[in-house]
Amino acid sequence: MPRPRVPLLDRPRIRAAALTAVDRDGLAGLSMRRLAADLGVQAPSLYSHYRTKDDLLQDIAEDVMAGVDTAGFAEDWVTGLRGWAISYRAALAAHPNLVPVIAAGPARRPTALLHADAVHGGLVGAGWPPRHATMIGASTKYLVLGAAMSSFSRGFEDDVQVYVDRYPHLDQAHRLREHADEIDAESFALALDAFIRGLTALHARVARAAP
């Protein structure tokens, strides 16, 4: 009787299994030994593809960041910044357990560096001084990471008795968890709109002629 065919062990398959494990168990739950067991192989088989777990995580971060869109900067800086922020948040929200790895910075990840280059180049090309462009990129990242790492609405209990009488201004707080996705998405949109409006006013004061 022929043996069942085992799928070829390659880097994309390893990354897919590792991302599934991180989504399920968090970063602390990922180990090369456990990952090997998930894949039906021995741990040494993984090390011929990835020298360390951190190398593997960096490649997974590359895969996740591939879904981020910076193409809008070819149109104008507002379109570019909005599209980058929205797609960045969506990518992180799909894999919140991986946020600490991505938040640590682009390091040497080519995709992340290409995005950073597109953002900075798009802003400078629109007349922003380089220092402002750097700070806008950083500020947008802070806004996105804050929205991706936690939920304001899910931080409240759904038991009205926790708030009634003692916290009169929170008399509807017990309803927040029920509408968490909607409130969190709209709150991010509100913050992003306010951020861009403020930048638009600043741009009128500090923009220089593009070279």
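Here the residue numbering is sequential within each chain, running from 1 through the sequence in written order. Given that the model is predicted, a residue must reach a pLDDT of at least 70 before its local features are reported, and side-chain atom pairs must reach 80 or more before they are shown or counted; all residues, however, enter totals for whole chains, interfaces and linings. Hydrogens and water molecules were not included; the side-chain quantities draw on all heavy atoms of the structure.

This next bit is on the UniProt feature "DNA-binding region" (unreviewed entry) in the chain. UniProt positions are given in the numbering used here, feature names are shortened, and annotations may be inferred rather than shown by experiment. When the UniProt feature table is mapped to this numbering, "DNA-binding region" (unreviewed entry) covers residues 31–50. The span residues 31–50 is 65% helix and 0% strand, and its two end C-alpha atoms sit 12 Å from each other. Helix numbering and strand numbering both begin at the N terminus, where a helix is a DSSP run of H or I of at least 4 residues and a strand a DSSP run of E of at least 2.

What we call a nonpolar core is a set of buried Ala, Val, Leu, Ile, Met, Phe, Trp, Tyr and Cys residues that are connected through their side-chain atoms within 4.5 Å. Relative accessibility thresholds used throughout: buried, under 20% of the residue-type maximum; exposed, over 50%; partly exposed, between the two (1.4 Å probe, protein chains only). Ranked by internal contacts, the top residues of the largest apolar core, which has 47 residues, are L35, L81 and L98. Contributions of two or more residues to this core are made by α1 (11–25), α2 (32–39), α4 (53–65), α5 (77–94), α6 (99–103), α7 (110–125), α8 (130–149) and α9 (180–206). A total of 7 residues in this core trace back to one element, the largest contributor, which is α5. Other than its neighbours up to four places away in sequence, L81 contacts F73, I136, T140, F195, I196 and L199. Residue contacts are counted whenever heavy atoms from the two residues lie within 4.5 Å of one another.

Let us now look at the packing of aromatic side chains. Side-chain rings of Phe, Tyr and Trp (the six-membered ring for Trp) are treated as a pair once their centres are within 6.5 Å; stacked means planes under 30 degrees apart, edge-to-face means over 60, and tilted covers the remaining angles. Counted by the stated rule, this structure contains 4 aromatic pairs. Centre to centre, the rings of W84 and Y88 are 5.7 Å apart; their planes meet at 25°, and the pair counts as stacked. Here W84 pairs with Y88, and both are found in helix α5, just 4 residues apart, close to one helical turn. Accessibility assignment for this pair places W84 and Y88 in one class, buried.

Moving on to the pattern of salt bridges. A pair is scored as a salt bridge if a Lys or Arg side-chain nitrogen falls within 4 Å of a carboxyl oxygen belonging to Asp or Glu. Under the counting rule described, the total for this entry stands at 9 salt bridges. As a salt-bridge pair, R154 and D181 come within 2.8 Å of each other at their nearest N and O atoms. With R154 in the loop between α8 and α9 and D181 in helix α9, the pair connects residues that are 27 residues apart, well separated along the chain. For D181, a relative accessible area of 58% translates into the label exposed. Between R154 and D184 there is a salt bridge, with its nearest N and O atoms 3.9 Å apart. One end of the pair, R154, is in the loop between α8 and α9; the other, D184, is in helix α9, and 30 residues separate them in sequence.

Running from amino to carboxyl end, α5 crosses α9 at an angle of 155°, the nearest separation of the two axes being 11 Å. Judged by the inter-axis angle, α5 sits roughly antiparallel to α9. Remark: the crossing between α5 and α9 carries right-handed chirality. Contact with α5, carried on its side by W77, V78, L81, R82, A85, I86 and R89, involves D184, A185, F188, L192, D193, F195, I196, L199, T200 and H203 of α9 and no other residues of that element. Angles here are taken between N-to-C directions and fall from 0 to 180 degrees, while the axes themselves are lines fitted to C-alpha atoms, restricted in helices to the stretch in contact. The scheme is simple: roughly parallel for angles under 35 degrees, roughly antiparallel for over 145, roughly perpendicular for 65 to 115, oblique for anything else. Crossing chirality is assigned from the near helix's rotation relative to the far helix, an anticlockwise turn below a right angle marking it left-handed and a clockwise turn marking it right-handed.

Further remarks concern unusual backbone geometry. Despite not being glycine, A107 has its phi angle at roughly 50°, a positive value. Looking at where A107 falls in the secondary structure, it is placed in the loop between α6 and α7. Unlike most non-glycine residues, D165 shows phi in positive territory, near 75°.

What follows covers the layout of surface pockets. A cavity here means a set of points on a 1 Å grid, drawn over the protein atoms and nothing else, where a 1.4 Å probe fits but cannot get out; a pocket is an open set with protein on both sides within 12 Å along at least five of seven lines, and a residue lines either one if it has an atom within 4 Å of a point. Grid points are joined across faces, edges and corners, and a volume is the space filled by probe spheres set on the points. Estimated volume of the largest pocket: approximately 310 Å³. As for the largest pocket, its lining consists of 17 residues, and the residues nearest its centre are W84, P106, A116, G137 and K141. Residue assignment for the lining of the largest pocket shows that the elements contributing at least two residues are α5, α7 and α8. Under this grouping Gly is polar, as are all residues other than the nonpolar Ala, Val, Leu, Ile, Met, Phe, Trp, Tyr, Cys and Pro and the charged Asp, Glu, Lys and Arg. Classifying every residue of the lining of the largest pocket gives 10 nonpolar, 5 polar and 2 charged. As for the second largest pocket, its lining consists of R89, A93, P96, A147, A148, S150, S151, R154, D181 and D184. Elements supplying a minimum of two residues to the lining of the second largest pocket: α5, α8 and α9. Among the residues forming the lining of the second largest pocket, the class breakdown is 4 nonpolar, 2 polar and 4 charged.

Before going further, it helps to examine α9. By this rule the span expected of a helix is its residue count minus one, scaled by 1.5 Å. Helix length check: α9, at 27 residues, gives a terminal C-alpha distance of 38 Å against a target of 39 Å (1.5 Å per residue), a fit within 8%. All of the buried residues along α9 are A180, D184, F188, L192, F195, I196, L199 and H203. Tucked inside the fold, the buried residues of α9 contact α5 and α8.

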